[in-house]
Structures are given as C-alpha cells and as structure tokens.
Amino acid sequence: VPEALRQAAREPGCEGLAGLAACWRVAVDGGAGLAAGLDRLEAALRAEREQREGLRAQLAGAWSTVVVLALLPVLGLAMGWALGADPLRVLLHTPAGLGCLAVGGLLEGAGLWWAGRIVRTGVGT
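Nothing here was measured: the structure is a model prediction, and the numbers come from that model.

A. Summary view of the environment of valine 68. Of note, valine 68 is situated in helix H3 (residues 34-82). Distance in space between the C-alpha atoms of valine 68 and leucine 112 is 10.0 Å, their sequence separation being 44 residues.

Structure (structure tokens):
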C-alpha cells in the first residue's frame with residue numbers, strides 16, 4: 001500500500017499521498033496509531049492550502065496592476081482623440097511617430113513581461 005500511495009503521489013495535486021504513505025509505513029512497521037499521524041498530516045495540508053490561497057488573494061492586486069499597465073496605451077490614444085487629435089495618424093504616418101510607436105511598444109512589452117514574471121514568481125508557477 002505505501003508504494004502504491006507513493007506512486008500516486010507523483011501525479012499533480014496528489015502530493016499529500018506521500019505523507020499518507022509515510023503514516024501508513026510508520027503505523028505498520030512501528031505499531032504507531034494511524035489516526036494521530038493522519039490528523040497531523042491533514043492539519044499540515046490544510047495550512048499549506050490556506051497559505052496558497054492567501055498568497056493568491058494578495059497577488060490579485062498585482063495582477064490588476066499588470067492589466068492596468070496593458071491598458072494604459074489604449075487610454076492614451078483615447079485621450080488624444082478626446083482632445084481632438086488624431087494619434088493613430090501621427091503614430092503610423094510620421095517618422096517620429098513610428099519611432100515612438102516602436103520604442104513604446106518595446107517598453108510596454110518589456111514592462112508587461114517583467115511585471116507578469118514578478119507576479120508568476122510570487123505564485124510559484
């Protein structure tokens with residue numbers, strides 16, 4: 001049974017089965033009570049899950065920041081139109097506009113990649 005539990009623990013989301021295999025092995029080999037070990041294992045797995053959920057909740061604000069960064073250029077274009085300018089004509093039909101578009105696009109992409117990487121590192125994925 002412990003070997004089957006260890007093999008099943010290799011599947012994603014089943015990591016707790018390795019602890020169950022250890023509890024089973026101690027109960028069988030050492031004569032210890034299985035219930036006490038399972039209670040401790042359950043408490044540890046519950047605490048780990050709550051910690052992951054808390055981290056996800058804290059990182060929700062950071063993901064919102066990444067989304068706002070992605071939408072800022074669109075907001076800038078909309079503000080230009082609202083002020084009576086034609087920002088797309090300037091960006092797409094003048095050498096300075098094309099240069100600004102290229103540099104801005106590179107900076108926007110780098111910023112989104114960097115912010116996304118920071119958040120993904122915090123999540124641990």
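After that view, the rundown keeps rolling.
B. Layout of the layout of surface pockets. Of the pockets and cavities examined, the largest pocket occupies roughly 230 Å³. Considering the residues around the largest pocket, the lining is formed by Pro73, Gly76, Leu77, Leu88, Leu91, Cys100, Leu101, Gly104, Gly105 and Glu108. Elements with a minimum of two residues in the lining of the largest pocket: H3, helix H4 (87-93) and helix H5 (95-123). With 5 residues, the top contributor of residues to the lining of the largest pocket is H5. Residues that form the lining of the largest pocket fall into these classes: 6 nonpolar, 3 polar and 1 charged. Each pocket or cavity is described by its volume, and for the second largest pocket that value is around 160 Å³. Lining the second largest pocket are Gly13, Cys14, Glu15, Gly16, Leu17, Leu45, Glu48, Arg49 and Arg52.

C. Highlighting the pattern of salt bridges. Applying the stated criterion across every chain yields a total of 5 salt bridges. Of the charged contacts in the structure, one is a salt bridge between glutamate 3 and arginine 6, with a shortest N-O distance of 3.2 Å. Taken as a pair, glutamate 3 and arginine 6 lie in helix H1 (residues 2-8) at a separation of 3 residues, close to a single helical turn. Residue class for glutamate 3 comes out partly exposed when judged on its relative accessible area of 43%.

Reading the values: rules and limits
Every chain's residues receive numbers from 1 upward, in the order its sequence appears when written. pLDDT decides what is reported in this predicted model: residues at 70 or higher carry local features, side-chain atom pairs at 80 or more are listed and counted, and totals for whole chains, interfaces and linings draw on all residues regardless. Derived side-chain values reflect all non-hydrogen atoms in the structure, with water molecules and hydrogen atoms excluded from consideration. Under the DSSP-based scheme used, a helix requires at least four consecutive residues in state H or I and a strand at least two consecutive residues in state E, with every element numbered from the N terminus. Here a cavity denotes a set of grid points, spaced 1 Å apart and computed over the protein atoms alone, in which a 1.4 Å probe fits but from which it cannot get out, and a pocket denotes an open set meeting protein on both sides within 12 Å along at least five of seven lines; residues with an atom within 4 Å of a point are reported as lining. Grid points are joined across faces, edges and corners, and a volume is the space filled by probe spheres set on the points. Three classes are used, and their members are as follows: Ala, Val, Leu, Ile, Met, Phe, Trp, Tyr, Cys and Pro are nonpolar, Asp, Glu, Lys and Arg are charged, and the others, Gly among them, are polar. Any carboxyl oxygen of Asp or Glu within 4 Å of a side-chain nitrogen of Lys or Arg constitutes a salt bridge here. Here's how the labels work: a residue is buried when its accessible area is under 20% of the maximum for its type, exposed when over 50%, partly exposed in between, all with a 1.4 Å probe on protein chains only.

Any functional reading would require information that these geometric values do not contain.
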